[in-house]
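Given next are the chains, with one letter for each unit.
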Amino acid sequence: MPLVDIPGSKSLTARALFLAAAADGVTTLRRPLRSDDTEGFAEGLVRLGYRVGRTPDAWQVDGRPQGPAVREADVYCRDGATTARFLPTLVAAGHGTYRFDASPQMRRRPLLPLTRALRDLGVDLRHEEAEGHHPLTVEAAGVEGGDVTLDAGQSSQYLTALLLLGPLTRTGLRVTVTDLVSAPYVEITLAMMRAFGVEVGREGDTYVVPPGGYRATTYAIEPDASTASYFFAAAAVTPGAEVTVPGLGEGALQGDLGFVDVLRRMGAQVTVGADRTTVRGTGELRGLTVNMRDVSDTMPTLAAIAPYASGPVRIEDVANTRVKECDRLEACASNLRRLGVDVATGPDWIEIRPGAAPEGAEITTYGDHRIVMSFAVTGLRTPGISFDDPGCVRKTFPGFHEVFAELRKDIVG
């Protein structure tokens, strides 16, 4: 039975880096994810004057509740959405002039709901080119706090950024949300803030964040549940195959572990233990209709195995996947069509209708790590699948192809 060692969660590592930088004292992060995104976040902190010590299994961060150690800095956020959204929010609580830019891909992704909320809180912030997009400059002078309304319908990261900022404000924050996607990611944020000494209250759609700052701690990073989805799907699509991921079990923070419930509904055998999850392929993969609003990062994983289901697979309420690293809904549809699969799409849904066996083709990745990792699973059953940019997996899992090749040997032979 293959045991797959999944790298640390990208979501948890990014939040932990923000919390560690903001906390009073030295924080140790155990098993953080080492990838292009998280290295970019850590590098951004270093440019802002934070001390970040990195060894292979642990990172240590000297927190600065008062904000960056330098009064002026230029930060390049690479492709990282968490870097591009969290770091400008972190520096707002400090004092100085901080300029941020990002890759062309990240420049296209929206920021406006967050920057509008920061401006409503009195932050002097300007977009240097396109309104609502990188590059941007923050003239930081601390944040008083108060009430703010936020539209989190495109990304839960906007709400997470404001929640993380709350304890660094002088009077605390009350954030009222008008729409929210990927709600489990906000639960991750609240649980992690608790681990750093802050309890967030809730009054209906309003989050109440007290002032007073964070306490440094030692924090262990869970394996990445979104990344685990490719390995669970590999088992589900391969009759008799079994995959166990240690470190993700009943107490896991990440909502994306809920993807295994989708596999269970399709006919896979799923066992969630205290500290591990196992998926076994039964040879049955049924079609279904599923709402993936809360686990939308795993939408491409399901789309990639849908051609092998016995009936149509319809994925609904995933409009926000159109504003990720690429338009993932369209990327999945066009690649499946390239393989000869019948696909229909709407503004927030995709339906995959199984027919003749898919045929091998080159997958257009759009520079998106999740498109590569998803269609690698399709390749377990369909020979001849290749990628125009296989290396873009470095964003979250630089060793993906090697680990997946090992798994293929174990379960396919």
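Placed above this text is the structure.
The model shown is predicted, which means the values in this text are computed figures rather than measured ones.

Calculation criteria
Residues numbered from 1 in each chain as written. Predicted model: local features only at pLDDT ≥ 70, side-chain atom pairs only at ≥ 80, totals over all residues. Heavy atoms only, no water. Pairing = 2+ DSSP bridges. Helix = DSSP H or I, 4+ residues; strand = E, 2+ residues; numbered from the N terminus. Axes fitted to C-alpha atoms, helices over the stretch in contact; angles between N-to-C directions. Contact = heavy atoms within 4.5 Å. 1 Å grid on protein atoms, 1.4 Å probe; cavity = no way out; pocket = protein on both sides within 12 Å on 5 of 7 lines; lining within 4 Å. Points joined across faces, edges and corners; volume = space filled by probe spheres on them. Nonpolar A, V, L, I, M, F, W, Y, C, P; charged D, E, K, R; others polar. Core = buried A, V, L, I, M, F, W, Y, C linked by side-chain atoms within 4.5 Å. Buried < 20%, exposed > 50% of the residue type's maximum accessible area, 1.4 Å probe, protein only. Salt bridge = Lys/Arg side-chain N within 4 Å of Asp/Glu carboxyl O. Parallel < 35°, antiparallel > 145°, perpendicular 65-115°, else oblique. Phe/Tyr/Trp six-rings, centres within 6.5 Å; stacked < 30°, edge-to-face > 60°. Lys NZ or Arg CZ within 6 Å of the ring centre and 35° of its normal. Expected span 1.5 Å × (residues − 1).

**Student:** Now, about the sheet that holds strand β15 (residues 242-246): what can you tell me, with residues and values included?
**Tutor:** Strand order across the open sheet formed by three strands is β15-β17-β16, with antiparallel pairing between neighbours. With one partner strand each, in any of the chains shown, β15 and β16 (269-272) form the two edges of the open sheet. Recorded for the sheet is a direction-independent mean angle of 10 degrees between the axes of neighbouring strands. Relative to strand β17 (residues 276-280), β15 is paired through five bridges, and the arrangement is antiparallel.

**Student:** Please provide a residue-by-residue account of the sheet that holds strand β21 (residues 350-353), values included.
**Tutor:** If you trace the four strands from one edge of the open sheet to the other, you get β18-β19-β21-β20, paired in mixed fashion. Edge strands, defined here as strands with exactly one partner in the open sheet, are β18 (288-291) and β20 (342-345). The average angle at which neighbouring strand axes cross in this sheet is 10 degrees, direction not considered. With four bridges joining them, β18 and strand β19 (residues 313-316) adopt parallel strand pairing. Paired with Leu288 across the bridge in β19 is Val313. In the packing of helix α11 (residues 328-338) onto the sheet, contacts are made with β20 and β21, and the angle to β20 comes to roughly 160 degrees.

**Student:** Can you explain empty space enclosed by the protein? Please cite residues and give values.
**Tutor:** Taken as a whole, this structure holds two cavities of 30 Å³ or more when the rule is applied. Considering the residues around the largest cavity, the lining is formed by 30 residues, among which Lys10, Gln157, Tyr185, Asp297 and Lys324 are closest to the centre. If you list the elements that add at least two residues to the lining of the largest cavity, you get α1 (10-22), α3 (81-92), α6 (157-165), α7 (183-195) and α12 (369-378). Among the residues forming the lining of the largest cavity, the class breakdown is six nonpolar, 13 polar and eleven charged. Space inside the second largest cavity adds up to approximately 30 Å³. Around the second largest cavity sit Ala22, Tyr50, Arg64, Pro65, Gln66, Gly67, Leu90, Ala93 and Leu168, which together line it.

**Student:** I'd love a proper account of the nonpolar core, names of residues and values included.
**Tutor:** The biggest cluster of nonpolar side chains holds 74 residues, and the ones touching the most others in it are Leu159 and Tyr214. By size, the runner-up hydrophobic cluster in this structure holds 69 residues, among which are Ala236, Val262, Ala376 and Ile385.

**Student:** I'd like to hear about the pattern of salt bridges, residue by residue, with values.
**Tutor:** Counted under the stated rule, the structure contains 38 salt bridges. In this structure, Glu351 and Arg314 form a salt bridge, with 3.3 Å as the shortest nitrogen-oxygen distance. With a gap of 37 residues between them, Glu351 in strand β21 and Arg314 in strand β19 connect regions that are remote in the sequence. When its relative accessible area of 14% is taken as the criterion, Glu351 is described as buried.

**Student:** How would you summarise the environment of Leu339 if you had to cite specific residues and measurements?
**Tutor:** Assignment of secondary structure puts Leu339 in the loop between α11 and β20. For Leu339, a relative accessible area of 0% translates into the label buried. Remark: the alpha-carbon pair of Leu339 and Gly172, spanning 167 residues in sequence, is separated by 52 Å. Discounting chain neighbours no more than four positions away, the residues touching Leu339 are Pro358, Glu359, Gly360, Ala361, Ile363, Phe375, Thr378 and Ile385.

**Student:** Before we move on, can you summarise the packing of α1 against helix α2 (residues 36-47) with the specific residues and values?
**Tutor:** Packing of α1 against α2 leaves a shortest axis separation of 10 Å and a crossing angle of 10 degrees. It follows from the interaxial angle that α1 and α2 lie roughly parallel. Across from Lys10, Thr13, Ala14, Leu17, Phe18 and Ala21 in α1, the residues of α2 making contact are Asp37, Thr38, Phe41, Ala42 and Leu45. Split into classes, the residues belonging to the contact of α1 with α2 amount to seven nonpolar, two polar and two charged.

**Student:** Residues and numbers for the side chain of Thr89, please.
**Tutor:** Its location among the elements puts Thr89 in helix α3. On the accessibility criterion, Thr89 (0% relative accessible area) is buried. Look past the residues within four positions of Thr89 in its chain and what remains in contact with it is Leu114, Leu118, Ala161 and Leu165.

**Student:** Which residues make up the packing of aromatic side chains, and what are the values?
**Tutor:** The final tally for this structure, using the stated rule, is nine aromatic pairs. Consider the rings of Tyr230 and Phe400, whose centres lie 6.3 Å apart with planes at 80 degrees: the pair is edge-to-face. Taken together, the positions of Tyr230 in helix α8 (residues 225-236) and Phe400 in helix α13 (residues 400-411) put the pair 170 residues apart, joining distant regions of the chain. Grouping residues by exposure puts Tyr230 and Phe400 together as buried. Three or more aromatic residues joined by ring pairs form one cluster here, namely Tyr230, Phe231, Phe397, Phe400 and Phe404. Over the aromatic face of Trp349 sits the side chain of Arg314, whose NZ or CZ is 4.1 Å from the ring centroid.

**Student:** So what's going on with α3? Which residues, and what values?
**Tutor:** Since the α-helix advances by 3.6 residues per turn, residues separated by three or four positions end up pointing in the same direction. Relative to the 16 Å expected for twelve residues at 1.5 Å per residue, α3 spans 17 Å between its end C-alpha atoms, a close match to the ideal helical length. The buried fraction of α3 amounts to twelve of the twelve residues, a majority that puts the element mostly inside the structure. Of the positions making up α3, those classed as buried are Ala81, Thr82, Thr83, Ala84, Arg85, Phe86, Leu87, Pro88, Thr89, Leu90, Val91 and Ala92.

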